Amino acid sequence: MKYSSILIFFLSVGFLSTAQEITMFPGYLDYEYYQDDHHITKRQLLEIMSQDEVLFADWKRSRTFSAIGISSGIGALGLLIVGINTEYERNSDQLQQSNGLLVGALALSFTSGVFTYLDLNLKKKTILRYNSKFDVSQSPSSSVNLKGKIDGNGVGLSLQF
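Let me begin by describing the structure that accompanies this report. Keep in mind the model is a prediction, meaning the values are calculated, not measured.

### A few points about the pairing of strand S4 (residues 145-151)
Working step 1: Sheet topology places S4 next to strand S5 (residues 154-160); 7 bridges connect them, and they run antiparallel. Note on S5: the bridge partner recorded for lysine 147 is serine 158.

And the structure:
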């Protein structure tokens, strides 16, 4: 009887402490998002982030950075292809043009890298800020702390309200 009440207490504490934290893992082409152990889509993540205005604004800014990074990467690839194509044509006039295209491709590649880094960094910070809401409990029933005590008399647990 004594052990069953302790077991019931610990099980009830386990059910009351359910967090809805979000984690982000790199996927094949994009990131995969999980809420606890359930896979969620980007649309569901956007709905979750839209509940808080600050998080939603940061998430939208992250999406803008992502779009700029992807588009500048595609532009860099296009300039690189055109620059290499004109490099094979041996006119001196077009040789100067191909050098400019290759420098432009290099600059757009750098821009793409910077905006991709900013996108990833802002996504991580936004998810961490969302998860930090669950670190400090806001309900009055969760102001109970369980503390263990070990001394010469044995092992004990105490509840602090």
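Following the structure, the description resumes.
### Points about the pattern of salt bridges
Working step 1: In this structure the tally under the stated criterion is 3 salt bridges.
Working step 2: Of the charged contacts in the structure, one is a salt bridge between lysine 123 and aspartate 119, with a shortest N-O distance of 3.8 Å. Of this pair, lysine 123 and aspartate 119 both sit in helix H4 (residues 92-132), 4 residues apart, roughly one helical turn. You'll find lysine 123 and aspartate 119 in the same group, each marked buried.

### Considering helix H3 (residues 53-88)
Working step 1: The first and last C-alpha atoms of H3 sit 53 Å apart over 36 residues, in line with the 52 Å expected at 1.5 Å per residue.
Working step 2: Considered for burial, the residues of H3 that qualify are Leu55, Asp58, Trp59, Ser62, Phe65, Gly69, Ser72, Ala76, Gly83 and Thr86.

### Let's talk about the sheet that holds strand S2 (residues 31-35)
Working step 1: Overall, antiparallel pairing links the 3 strands, which are arranged S1-S2-S3 in an open sheet. What marks the edges here is a single partner per strand, and that holds for strand S1 (22-26) and strand S3 (38-40). With direction set aside, neighbouring strand axes in the sheet form an average angle of 40°.
Working step 2: As defined by bridge partners, S2 adjoins S3 across 3 bridges and the pair is classed as antiparallel. Bridge assignment links tyrosine 33 to a residue of S3, and that residue is isoleucine 40.
Working step 3: Sitting on the sheet, helix H2 (residues 42-49) touches S1, S2 and S3, and the angle it makes with S3 is about 90°.

Reading the values: the criteria
- Residues numbered from 1 in each chain as written.
- Predicted model: local features only at pLDDT ≥ 70, side-chain atom pairs only at ≥ 80, totals over all residues.
- Heavy atoms only, no water.
- Pairing = 2+ DSSP bridges.
- Helix = DSSP H or I, 4+ residues; strand = E, 2+ residues; numbered from the N terminus.
- Salt bridge = Lys/Arg side-chain N within 4 Å of Asp/Glu carboxyl O.
- Buried < 20%, exposed > 50% of the residue type's maximum accessible area, 1.4 Å probe, protein only.
- Expected span 1.5 Å × (residues − 1).
- Axes fitted to C-alpha atoms, helices over the stretch in contact; angles between N-to-C directions.
- Contact = heavy atoms within 4.5 Å.

Any functional reading would require information beyond the geometric quantities listed.
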